[in-house]
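# Analysis of the macromolecular model
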Amino acid sequence: MILNGSEILVNVLLEQGVDTVFGYPGGAVLNIYDALYKYSDRIRHIMTAHEQGAAHAADGYARSTGKTGVVIATSGPGATNLVTGIATAYMDSVPMVAITGNVSTPLIGCDSFQEVYIAGITMPITKHNFVVRKVEDLADTLRDAFRIAASGRPGPVLVDIPKDVTANQTTYIPASAPEPRILPQTVQGNVQEIADLINRSERPFVYFGGGVRLSGASEELRHLLLTADIPAAYTLMAAGALSYGEKHNLGLIGMHGCYSANCAANRADVMIAIGTRFSDRVALNTSKFGHNAKIVHIDIDSGEINKNIIADYSIVGDVKVVLNELMKFIKPADHSAWFTQIEGWKQDDYRPEDCETALKPHQVIGTACSAAGEDAIFVTDVGQHQMWAAQFLRHVKPNNFLTSGGLGTMGYGYGAAIGAKIANPDVPVVHFTSDGSLHMNMNELCTAVSYQVPVITVILNNAVLGMVRQWQGQFYGRRFASSEPERVTDYVKVAEAFGGTGYRCTTPAEFKEAMKKAMKATGPVWIECVIDREEKVLPMIPSGGTVHDTVFN
Amino acid sequence: MKKQCMVILVENNAGVLARVSSLFMQRGFNIDSLTVSSTENPKISRITIMATGDQKTFSQILKQTAKLVETKMIFSVEPSFGLIRELLLVKFNTEQADVTALKKTIDDFGAHVIDVTSGCLVAELSAASSLIDDFLDATKAFEKMEICRSGAIAMEQGRVVYDI
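## With respect to the overall build of chain B
Along chain B, the regular secondary structure elements total four helices and nine strands. For chain B, the N- to C-terminal ordering of α and β elements is β-α-β-β-α-β-β-α-β-β-α-β-β. A principal-axis box enclosing the C-alpha atoms of chain B has dimensions of 55 × 35 × 30 Å. Burial analysis of chain B (164 residues in total) assigns 40% to the buried set. Taking the 18 positively charged and 20 negatively charged side chains of chain B as two groups, their mean positions are separated by 9 Å.

## Thoughts on the layout of surface pockets
The rolling of a water-molecule-sized probe over the atoms marks out the regions of remaining empty space. Residue and element names in this part refer to chain A. Roughly 730 Å³ of volume is contained in the second largest pocket. Taken together, 28 residues form the lining of the second largest pocket, with Y244, L250, C258, Q391 and F392 sitting closest to its centre. Secondary structure elements with two or more residues in the lining of the second largest pocket: β11 (249–252), α12 (259–267), α15 (361–372) and α16 (384–392). Ranked by residue count, the leading element in the lining of the second largest pocket is β11, at four residues. Classifying every residue of the lining of the second largest pocket gives 13 nonpolar, ten polar and five charged.

## Re empty space enclosed by the protein
Residue and element names in this part refer to chain A. Taken as a whole, this structure holds two cavities of 30 Å³ or more when the rule is applied. Of the voids in this model, the largest cavity is the one considered here, and its volume is about 140 Å³. Looking at the largest cavity, it is lined by 14 residues, and the ones nearest its centre are V282, F289, G545, T546 and V547. Tallied by class, the residues present in the lining of the largest cavity amount to seven nonpolar, six polar and one charged.

## So, the sheet that holds strand β7 (residues 156–162) of chain A
Residues and elements named next belong to chain A. Judged by pairing direction, the sheet is parallel, and its six strands sit side by side in the order β3-β2-β4-β5-β7-β6 without closing on themselves. Whereas interior strands pair on both sides, the edge strands pair on one side only; in this sheet they are β3 (44–47) and β6 (128–131). The sheet shows a mean angle of 20° between the axes of neighbouring strands, taken without regard to direction. Here strand β2 (residues 20–23) runs beside β3; their pairing, made up of four bridges, is parallel. Paired with G23 across the two strands is M47, which belongs to β3. With respect to the sheet, helix α2 (residues 30–38) is in contact with β2, β3, β4 (69–73) and β5 (96–102), its orientation differing from that of β4 by roughly 130°.

## Things to note about the pattern of salt bridges
All names here are of chain A. Summed over all chains, the structure comprises 33 salt bridges over all chains. Here K360 ties to E535 by a salt bridge, and the two come within 3.2 Å at their closest N and O atoms. Of this pair, K360 sits in the loop between α14 (336–346) and α15 while E535 is found in the segment after β20 (525–530), placing the two residues 175 residues apart along the sequence. For E535, a relative accessible area of 16% translates into the label buried. Salt bridges here are not isolated pairs; linked through shared partners, they connect R469, R478, E484, E486, R533 and E534.

## Observations concerning the pairing of strand β1 (residues 2–11) of chain B
All names here are of chain B. Counting buried residues along β1, seven of its ten residues qualify, which places the element largely inside the surrounding structure. Here β1 runs beside strand β3 (residues 44–53); their pairing, made up of ten bridges, is antiparallel. Looking across to β3, one finds that K2 is bridged to G53. Note that β1 and strand β4 (residues 71–77) share six bridges and pair antiparallel. When the sheet's bridge partners are listed, L9 is paired in β4 with M73.

## Description of the packing of aromatic side chains
All chains considered together, the criterion is met by 15 aromatic pairs over all chains. Centroid distance A:F208 to A:Y234: 6.2 Å. Interplanar angle 55°. Geometry classified as tilted. Linking A:F208 in strand β9 (residues 204–208) with A:Y234 in strand β10 (residues 232–234), this pair joins segments that are 26 residues apart in sequence. Under the relative-accessibility criterion, A:Y234 is labelled buried at 8%. Every member of this aromatic cluster is reached through a ring pair, and the members are B:F92, B:F109, B:F135 and B:F142.

## Comments concerning the sheet that holds strand β18 (residues 456–461) of chain A
Residues and elements named next belong to chain A. The six strands lie next to each other as β16-β15-β17-β18-β20-β19, forming an open sheet whose pairing is parallel. Looking along the sheet, the strands with just one partner apiece sit at the ends: β16 (401–402) and β19 (501–505). Of the pairings in the sheet, the one linking β18 to β20 comprises six bridges and is parallel in character. Among the inter-strand pairings, N461 is bridged to a residue of β20, identified as V530.

## So, the nonpolar core
Of all hydrophobic cores here, the largest spans 66 residues; its most connected members are A:V206, A:F208, A:I274, A:F432, A:V458, A:F511 and A:I527. Judged by nonpolar contacts, the second largest core, of 45 residues, contains A:A73, A:V94, A:V427 and A:V455.

Scoring rules and cut-offs
Residues numbered from 1 in each chain as written. Chains lettered and ligands numbered in written order. Predicted model: local features only at pLDDT ≥ 70, side-chain atom pairs only at ≥ 80, totals over all residues. Heavy atoms only, no water. Helix = DSSP H or I, 4+ residues; strand = E, 2+ residues; numbered from the N terminus. Buried < 20%, exposed > 50% of the residue type's maximum accessible area, 1.4 Å probe, protein only. Lys, Arg positive; Asp, Glu negative; His and termini not counted. Charge placed at Lys NZ, Arg CZ, Asp CG, Glu CD. 1 Å grid on protein atoms, 1.4 Å probe; cavity = no way out; pocket = protein on both sides within 12 Å on 5 of 7 lines; lining within 4 Å. Points joined across faces, edges and corners; volume = space filled by probe spheres on them. Nonpolar A, V, L, I, M, F, W, Y, C, P; charged D, E, K, R; others polar. Pairing = 2+ DSSP bridges. Axes fitted to C-alpha atoms, helices over the stretch in contact; angles between N-to-C directions. Contact = heavy atoms within 4.5 Å. Salt bridge = Lys/Arg side-chain N within 4 Å of Asp/Glu carboxyl O. Phe/Tyr/Trp six-rings, centres within 6.5 Å; stacked < 30°, edge-to-face > 60°. Core = buried A, V, L, I, M, F, W, Y, C linked by side-chain atoms within 4.5 Å.

Laid out in structure tokens, this is it:
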């Protein structure tokens, strides 16, 4: 059938199983939006306040479902407003297709109105990108974009479509729905040798990250840990891949991870890194991290092997496939002595004190966790509240903790929470944020109101930029430069002014009550929790440090 | 610190060179020279890169470049097992210069005079980069008005099957 570029675009989206897109209209995408209008019974478009919110929403949608998120923006400023959202997805390996309009092909390169070379701008922050210059190439290019975004290590792909291409017509040849994720089924590496190493080890340790979650390999990981009796610690990207309370789950590793987990990493004789990349938030000192261990690195991306840390052994492959291969050679083991040693370190783990009268961060997180329930999805912005959420939530499900780990994007949370809630309407979504982060993208409250998306936003308000202030306190002699804005924003009034609901709490009892009410709301709710600015994220290992440098107060 | 020569066969798409350069800038790889040209296959372009670094850097260059969607193949060419050549054009000022001596040095190195115009002489030399360095050194007594080097191109010796 003969269709124009815009209709072809929507048809390919439908082909790919897309039922929801996020975006913001504009001149260069008028034809695309006309097609979306025609197909509105089959594809839902969520219009946000800002393209950044739309990009983060597509990200939250993708992280919470495993499907590829789609965001549409117009040319020029619409496209550049996507950049932070695309970079956020890139750093955390989130499958996303960003579609931008551009000026018509004869106008390209002439500094036309709302023209920008978005393909050049996004080159370093996309897995790949395309500029479609002929409508005949559009369908296959889009199919390629989806395939690249979801295959192997996922990531964002941008497709830039000039306006005339969205209007030109050609024959559209439908294709069948593709495989949801294309993963390598073979592995490269000596699996048996590595299994022998693990079988011979006395203090084995697993450090795992987002790759376990993306591979859906929680069961396979658990099987390894239980059979070979190995303790494991996770990164931000894998919170919930193992459940809170499992014996082999030592907790969060890294700069603000559990002291006992970091001790175990330091003392291990075999460290098995699975689906993770030795980021500078975990391997703070690349020459000393895991220095007592033989390091085994298992990852789907060969570029990660020996990038930050030299591995003694490595396997390149999909985590689930690799673990299944490995288990053929792993023997049951008992490392009680090692676990006893770890129990000893656990006595020294940082435990904040409770308070009945004032709000303490760990109690806010704990109360929200209980009120929202085990199925809830928790989303954060960036800063102290993010670390507290990572540390004190009782993570039990793998795709239920959405946080910008790699890029650390303040302002990520609200859009992402909206995307996650739209993707999972029957699951409570709690968005932890702070006064700093929320001021960045609070405008998305209008989106939550317009679409009646009942996200519960818990604002840990200490009137300062907590994480920056904490570092300035620790390393800059308490010279709090531009970190104490002490904004007087009345969050309750703002929430109501946008059409939402707001609560302000100063005590644990008030917060419990507010959460109870919020859980029943049919629209977005903001709950402001007043927190003391001297609260710190602890423990902390400073950059370049080791577990021996851990700060406890 | 070593110098390494890498050949990347890429899809002949608009912007592929920009993408490779962008990757190198992003990762902080130190490029000494980069050339690109068409090949015996109209769909494939050939990029030759000379880079300086250590083994860890070269390993990362090979792996990260291999990940690019448009990369069909990437391999390094060892100077001992491959043919690595560069083209030099150099313009000498011949006014008040011992042109005979200059022409002899040019001849000794296997270079060629390709232009003589209004007090200038342009010599062309196609050789290994080290020989070009030696030639420029051997002619240092003569004033060089312009020097232009093409950057290296490289090929492995013998029959090679590229699985693209």
